[in-house]
Amino acid sequence: MPGFRLKMATQLGEKVAAEAGLTQFPIDPRRIAEGKGITVQAKPAHVKGVSGALIFAGDDVTLIYSSEYNNVGFENFCMGHELGHYFLPGHPEEIMNQGGSHVSRADFTQNTSIELEADHFASGLLLPSSLTRSFLSKNQVGLEGILKLADVARCSRTAAAIRSAECCEYPVAVIVSQGEHVSYAFLSDGFKRLGKNLAFLKKGTPLPDSATLRFNRDPENVLGIKQESGTTTLSDWFDGPPGITLDEEIVGLGGYGYTLTVLSGEDLPIDPDEEEDEERDLEDRWTPRFAYGR
Ligand SMILES: [Zn+2]
């Protein structure tokens, strides 16, 4: 999916938080829902495998979120994701076309455009760039900083990882996996420049022989939110040049059944052009094109 649409979704999330006057961590998505007259409800415990839903019925909008993992960060992320379906251009229409209700699987595990856009909206809403950058300037790049950010911002660990990759100057790759396969991968612009045309890790790509693959072989690691770290190389994961060593840090995401891997390296070059590139990128490619019904 074109990156500019996801960037635009992130920026809209930031804007919605700012316009609601929420300018400090943690951003409370419930306040935004209440401000729009949206009814917020926890999902009944017996409904499994979904992270929430958004239901349009006449003038009433109901937002349902998952509270089954007793994880405030994940709950906030689920609410942010549903708010994405409310605020993102084209989403309410898409949901109305499907009969008025949408069931979500949030947190970067799906690759449909509507779900990923809502995930990026939620990330921008809960982790505005200025707050995230100021946090990162005082904390180490890597899993430890990401977990701390998730804590301070009360958002999901995956969102904290992806926003860290977006907002820091270092090459960072974030990979969400389940079992033997990649569910979602996000590469910072700095990471992409480690090699020419780094192959994009698509959903369903088999994990390489790695600490992550070994970690996933024991479901207890995932359920028990265990952590592990090792080293790997760029060329193990991507068709990149050989000889680039990376730290591989892993954490199980608990009952939701996924694993988060952060690939980074402190000795990798800082990219001085990053900010400039980003602005040019947005100027060049930002066009308000929304084509749904995929
Ligand atoms: Zn959704």
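Scope of this entry: the structure provided in the associated data block. (Residues numbered from 1 in each chain as written. Predicted model: local features only at pLDDT ≥ 70, side-chain atom pairs only at ≥ 80, totals over all residues. Heavy atoms only, no water.)

### Side note on the packing of aromatic side chains
What counts here: Any Phe, Tyr or Trp ring, taking Trp's six-membered ring, that has another such ring centre within 6.5 Å forms a pair; planes under 30 degrees apart are called stacked, those over 60 apart edge-to-face, and the others tilted. Throughout this description, buried means an accessible area under 20% of the type-specific maximum (1.4 Å probe, protein chains only), exposed means over 50%, and partly exposed covers the range between. We count a stretch as a helix when DSSP gives it H or I for four or more residues in a row; a strand needs E for two or more, and each element gets its number in order from the N terminus.
A complete count under the given rule lists 7 aromatic pairs for this structure. The interplanar angle of 65° and the centroid separation of 5.6 Å between the aromatic rings of Tyr69 and Phe74 together place this pair among those described as edge-to-face. Judged by its relative accessible area of 25%, Tyr69 falls in the partly exposed class. Take Phe74: its relative accessible area is 6%, and that puts it in the buried class. With a centroid separation of 5.6 Å and an interplanar angle of 65°, the aromatic rings of Tyr69 and Tyr256 are classed as edge-to-face. One end of the pair, Tyr69, is in the loop between strand 3 (60–65) and helix 3 (72–87); the other, Tyr256, is in the loop between strand 8 (245–252) and strand 9 (259–264), and 187 residues separate them in sequence. An aromatic cluster of three or more residues is present, and its members are Tyr69, Phe74, Tyr256 and Tyr258.

### Re empty space enclosed by the protein
Basically, it comes down to this: Here a cavity is any set of points on a 1 Å grid over the protein atoms alone where a 1.4 Å probe fits but cannot get out, and a pocket is any open set with protein on both sides within 12 Å along at least 5 of 7 lines; a residue lines the site when it has an atom within 4 Å of a point. Grid points are joined across faces, edges and corners, and a volume is the space filled by probe spheres set on the points. Residues are grouped as follows: Ala, Val, Leu, Ile, Met, Phe, Trp, Tyr, Cys and Pro are nonpolar; Asp, Glu, Lys and Arg are charged; all remaining types, including Gly, are polar.
One pass over the full model with this rule turns up 1 cavity of 30 Å³ or more. As for the largest cavity, its lining consists of Leu136, Gln140, Val141, Gly142, Gly145, Ile146, Ser164, Ala165, Cys168, Val172 and Val262. Of all the secondary-structure elements, those providing two or more residues to the lining of the largest cavity are helix 7 (143–153) and helix 8 (157–167). Class assignment of the residues belonging to the lining of the largest cavity gives a composition of 7 nonpolar, 4 polar and no charged.

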